[in-house]
Amino acid sequence: MLLKRAALLALLLALVFCTVELLPGDAANATSERGESAADIDRRRALLGLDRPVLERFWDWMSGLPTGDLGTSARGEPVTDLLSTAFPNTLLLGGIALLLTAALSLTLGCWAALRPGGRTDRAVSGTATAVLALPEFVVAVALVLVLSLWTGWLPAVTLTDVDGTPDSWTMLVLPALALTIPQTGWNVRIVRAALADEARAPHVETAVLDGLPPHRVLTHHVLPGALPTIAAGLATSTGMLLGGAVVVETIFNYPGIGSVLASAVTDRDSPVIAGVTALAGAVITVVLLLADLVRDLMAGGRR
């Protein structure tokens, strides 16, 4: 399984290099200064290796990946240094959003499952469906409007310290909520469906017939069996959170990979774009492996 995911990541990285190659212009043109001659641009193109085939450049870049060398950007800065502050900031934001998503999804899903088909169940399921349809940028704009412009409770933009991190924890609240709300809608539906499936299991029906209280049936008999599905849903949300973070960071001026990636696309900077993709892919792979571990442990325990 790990080898298969590594192969898929390598294929994705090759696709990134080829896609950037198809964009109009190249890194030499995109990073040129005003007044530079065609000869100057040609020299920069040779210096960046853009005169070589794209697959050859991709292979050179991949050969440094096992040692942590992500190459050099079109502006001459090591990609590792460029991402050393931005990517941890994005991981912090995404990690907070993932924890909030897990807590809210489990709470709301379990609350709805206590009375299947009841008013609470219908309200939670309907709200989750509506929230799921909202893009992150719509949620972000609404949060800024209500919690910043109208009430003044939270800052609308992120200011940074000298080390490049957010100046205050309050500046994490709105970006984290903008990522959390849509993913909570998705995961509430997964939690509710997983609990409903597990509630039909014979051992759960036996617990109900034994007269156990509904909350005890839920926490001791239904929820443990539904955890593998819930964990898989949250693992899937990791990729969505990292993807949504690019948009949300731009709206809130958050110092993450969003601005780095936007600049890299403008500069046609393949090593930076591929470096962001590789790091994000590694994080998603680790989370998926953890979800697989939870599934295997639960399967082993039930045997």
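Predicted, not measured: the structure shown is a model, and the values here were computed from it.

(A) A look at the overall build of the chain. Each helix and strand in the chain was counted, giving 12 helices and 0 strands. In the chain, the succession of helices and strands from N to C terminus is α-α-α-α-α-α-α-α-α-α-α-α. With respect to the principal axes defined by its C-alpha atoms, the chain has extents near 85 × 50 × 30 Å. Every one of the 303 residues in the chain was classed for burial, and the buried ones make up 41%. Long-range pairs, those at least 24 residues apart, make up 74% of the contacts in the chain between residues at least 6 apart in sequence. In the form shown here, the chain has an accessible surface area of approximately 16,000 Å², with 67% of it arising from carbon and sulfur atoms. Separation of charge centres in the chain, based on 20 positive and 26 negative side chains, amounts to 12 Å.

(B) Geometry of the pattern of salt bridges. All chains considered together, the criterion is met by 9 salt bridges. Ionic pairing is found between D26 and R45, a salt bridge with its closest N-O pair at 2.7 Å. A residue pair is termed long-range when its members are at least 10 positions apart, and D26 in the loop between α1 (2-22) and α2 (27-30) and R45 in helix α3 (residues 38-47) qualify at 19 residues. Summarising the burial analysis for this pair, D26 and R45 share the class buried.

(C) Local environment of the packing of aromatic side chains. Evaluation of the coordinates by the stated rule reveals 2 aromatic pairs. Here the aromatic rings of F17 and F58 are separated by 5.4 Å at their centres, their planes lie at 65°, and the arrangement is edge-to-face. Here the residue F17 occupies a position in helix α1, and F58 occupies one in helix α4 (residues 54-64), the gap between them amounting to 41 residues. Taking 5.8 Å as the distance between ring centres and 50° as the angle between the ring planes, the aromatic pair formed by F17 and W61 counts as tilted. Of this pair, F17 sits in helix α1 while W61 sits in helix α4, placing them 44 residues apart in sequence. The same class applies to F17 as to W61, namely buried. Clustering of aromatic rings is evident, with ring pairs tying together F17, F58 and W61.

(D) Representation of the side chain of T277. Looking at the element boundaries, T277 is found in helix α12 (residues 270-302). Those residues in contact with T277 that lie beyond four places of it in its chain are L9, L12, L13 and V16.

(E) Quick look at the packing of helix α8 (residues 170-199) against helix α10 (residues 214-252). Where α8 meets α10, the closest approach of the two axes is 7 Å, and the angle between their N-to-C directions is 155°. Judged by the angle between their axes, α8 and α10 are roughly antiparallel. Seen from above, α8 lies across α10 with right-handed handedness.

(F) Representation of the packing of helix α5 (residues 79-113) against α10 within the structure. For the pair α5 and α10, the least separation of the axes is 8 Å and the interaxial angle reads 145°. At the point where α5 passes α10, the crossing takes the right-handed sense. In this structure, α5 contributes T90, L93, G94, A97, L98, T101, A102, L106, C110 and A113 to the contact, and α10 contributes L218, L223, I230, L234, T238, L241, L242, A245 and E249. When grouped by side-chain class, the residues that make up the contact of α5 with α10 number 14 nonpolar, 4 polar and 1 charged.

(G) Here's a closer look at the nonpolar core. Grouped together as the largest cluster of nonpolar side chains are 23 residues, with contacts concentrated most on L13, F17, F58, W61, L83, I273 and A274. The set of elements that each furnish at least two residues to this core consists of α1, α4, α5, α11 (257-266) and α12. Membership of the second largest hydrophobic core comes to 18 residues, among which are L147, L154, L172 and F252.

(H) Representation of a nonpolar patch on the surface within the structure. Where nonpolar side chains cluster on the molecular surface, the patch consists of L134, F137, V138, V141, V247 and I251 and spans about 460 Å² of accessible area. For the nonpolar patch, the secondary-structure elements that each account for two or more residues are α7 (136-150) and α10. The greatest single-element share of the nonpolar patch, amounting to 3 residues, is contributed by α7. Among the secondary structure elements, V138 is positioned in helix α7.

(I) Region of interest: the environment of D40. Considering the arrangement of structural elements, one finds D40 in helix α3. A C-alpha to C-alpha distance of 22 Å links D40 and P78, two positions 38 residues apart in sequence.

What counts, and at which threshold
- Here the residue numbering is sequential within each chain, running from 1 through the sequence in written order.
- Side-chain atom pairs in this predicted model are given and counted only at pLDDT of 80 or more, local residue features only at pLDDT of at least 70, and totals for whole chains, interfaces and linings cover all residues.
- Working from all heavy atoms in the structure, the side-chain values ignore hydrogens and water.
- For the purposes of this entry, the term helix denotes a DSSP run of H or I that reaches at least four residues, the term strand denotes a run of E that reaches at least two, and both are numbered from the N terminus.
- A simple rule labels every residue: compare its accessible area, found with a 1.4 Å probe on the protein chains alone, to the largest value its type can have, and call it buried under 20%, exposed over 50%, or partly exposed in between.
- We call two residues contacting when some pair of their heavy atoms lies within 4.5 Å.
- Accessible surface area values rest on a Shrake-Rupley calculation with a 1.4 Å probe, where residue burial reflects the displayed protein chains alone.
- Charge counting treats Lys and Arg as positive and Asp and Glu as negative, with His and both chain ends excluded.
- The atom standing in for a charge is NZ when the residue is Lys, CZ when it is Arg, CG when it is Asp and CD when it is Glu.
- For this analysis, a salt bridge means a side-chain nitrogen from Lys or Arg found within 4 Å of a carboxyl oxygen belonging to Asp or Glu.
- We call Phe, Tyr and Trp rings a pair once their centres come within 6.5 Å, taking the six-membered ring for Trp, and we label the pair stacked below 30 degrees between planes, edge-to-face above 60, and tilted otherwise.
- Note on method: axes are straight lines fitted to C-alpha atoms, helices fitted across the in-contact stretch only, with angles between N-to-C directions ranging 0 to 180 degrees.
- Any angle that falls under 35 degrees is termed roughly parallel, while one over 145 is termed roughly antiparallel, one within 65 to 115 roughly perpendicular, and all others oblique.
- Handedness of a crossing follows from how the near helix is turned relative to the far one, being left-handed for an anticlockwise turn of less than a right angle and right-handed for a clockwise one.
- The residue classification treats Ala, Val, Leu, Ile, Met, Phe, Trp, Tyr, Cys and Pro as nonpolar and Asp, Glu, Lys and Arg as charged. All others, Gly included, are polar.
- Nine residue types can take part in a nonpolar core, namely buried Ala, Val, Leu, Ile, Met, Phe, Trp, Tyr and Cys, and a core is a set of them joined through side-chain atoms within 4.5 Å.
- Candidates for patches are residues over 30% relative accessible area with no salt bridge; among them, like charges are joined within 9 Å and nonpolar side chains (Val, Leu, Ile, Met, Phe, Trp, Tyr) within 5 Å.

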